[in-house]
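# Report on the structure
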Amino acid sequence: MDKSKQPFRKSKRSFRRRLPPIGSGDRIDYRNMSLIGRFISEQGKILSRRVNRLTLKQQRLITIAIKQARILSPLPFLNNEKQFERTESLPRITGTRTIKK
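Residues numbered from 1 in each chain as written. Predicted model: local features only at pLDDT ≥ 70, side-chain atom pairs only at ≥ 80, totals over all residues. Heavy atoms only, no water.

You'll find the chain entered in UniProt as Small ribosomal subunit protein bS18c, with Amborella trichopoda given as the organism. Check the Sequence similarities section of the UniProt entry for the chain; it says "Belongs to the bacterial ribosomal protein bS18 family." (UniProt positions renumbered as here; feature names shortened; annotations may be inferred.)

Printed below as a string of structure tokens:
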């Protein structure tokens, strides 16, 4: 059989299975800040399920825990560090108003 007529075959590469980001002993809770912090971006956004490599149920629980932590205030709604840096660098213009008659 010619090489051109052979059926397409996928190469058999061995791949290392990634470890799940949440272990069996980890509790998904709003008080577990070390666990919750892994699933939030630098801007304070909740990362997607594809990025986190979580199951649907785990992603739902993580989302609920993050929202509870934001409401109860151990976790801020926004990461304001960059916002403060921008406002400090802008000069403030103050002047007296002149009234024309």
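Further notes follow.
Attention shifts here to helix α3 (residues 56-71). Taking 1.5 Å of rise per residue, the 16 residues of α3 would be expected to cover 22 Å, and the 23 Å separating its terminal C-alpha atoms lies within 8% of that figure. Within the span of α3, buried status applies to Gln-59, Ile-62, Thr-63, Ala-65, Ile-66, Ala-69 and Arg-70. The arc enclosing the buried residues of α3, seen along the axis, measures out at 165 degrees, which places them on a common side. Counted as exposed and oriented over 90 degrees from the buried face of α3: Lys-57, Arg-60 and Ile-71. For α3, the elements touching its buried residues are α1 (33-36) and α2 (49-52). One or two positions beyond α3, positive phi appears at Ser-73, with a value near 65 degrees. (Helix = DSSP H or I, 4+ residues; strand = E, 2+ residues; numbered from the N terminus. Expected span 1.5 Å × (residues − 1). Buried < 20%, exposed > 50% of the residue type's maximum accessible area, 1.4 Å probe, protein only. Arc of directions from axis to C-beta. Contact = heavy atoms within 4.5 Å.)

Moving on, we come to the side chain of Asn-52. Tracing the backbone shows Asn-52 in helix α2. A polar contact of 3.2 Å, which involves the side chain of Asn-52, links it to the backbone oxygen of Leu-47. At 3.3 Å, the side chain of Asn-52 and the side chain of Gln-59 are in polar contact. Sequence-distant contacts of Asn-52, that is, excluding residues within four places in its chain, are made with Pro-21, Phe-39, Leu-47 and Gln-59. (Polar contact = N/O pair within 3.5 Å; in protein donor to acceptor, adjacent residues only side chain to side chain.)

Moving on to the environment of Pro-21. Summarising the element assignment, Pro-21 is placed in the segment before α1. Taking the C-alpha atoms as reference, Pro-21 lies 8.9 Å from Arg-38; in sequence the two are 17 residues apart. Residues contacting Pro-21, with those up to four places away along its chain left out, are Arg-38, Phe-39, Asn-52, Arg-53 and Leu-54.

Where nonpolar side chains cluster on the molecular surface, the patch consists of Ile-71, Leu-72, Phe-77 and Leu-78 and spans about 460 Å² of accessible area. Secondary-structure assignment places Phe-77 in the loop between α3 and α4 (81-89). For Phe-77, a relative accessible area of 53% corresponds to the exposed category. (Patch = residues over 30% accessible without salt bridge, like charges linked within 9 Å, V, L, I, M, F, W, Y side chains within 5 Å. Areas by Shrake-Rupley, 256 points an atom, 1.4 Å probe, with all protein chains shown as cover. Salt bridge = Lys/Arg side-chain N within 4 Å of Asp/Glu carboxyl O.)

Another point: unusual backbone geometry. Glycine aside, the phi torsion of most residues is negative, and most peptide linkages are trans. Phi angles above zero are rare outside glycine, and Arg-53 is one such case at about 60 degrees. For Ser-73, which is not a glycine, the phi torsion comes out positive at approximately 65 degrees. Relative to the elements of secondary structure, Ser-73 occurs in the loop between α3 and α4. The exposure class of Ser-73 is exposed, given its relative accessible area of 59%.

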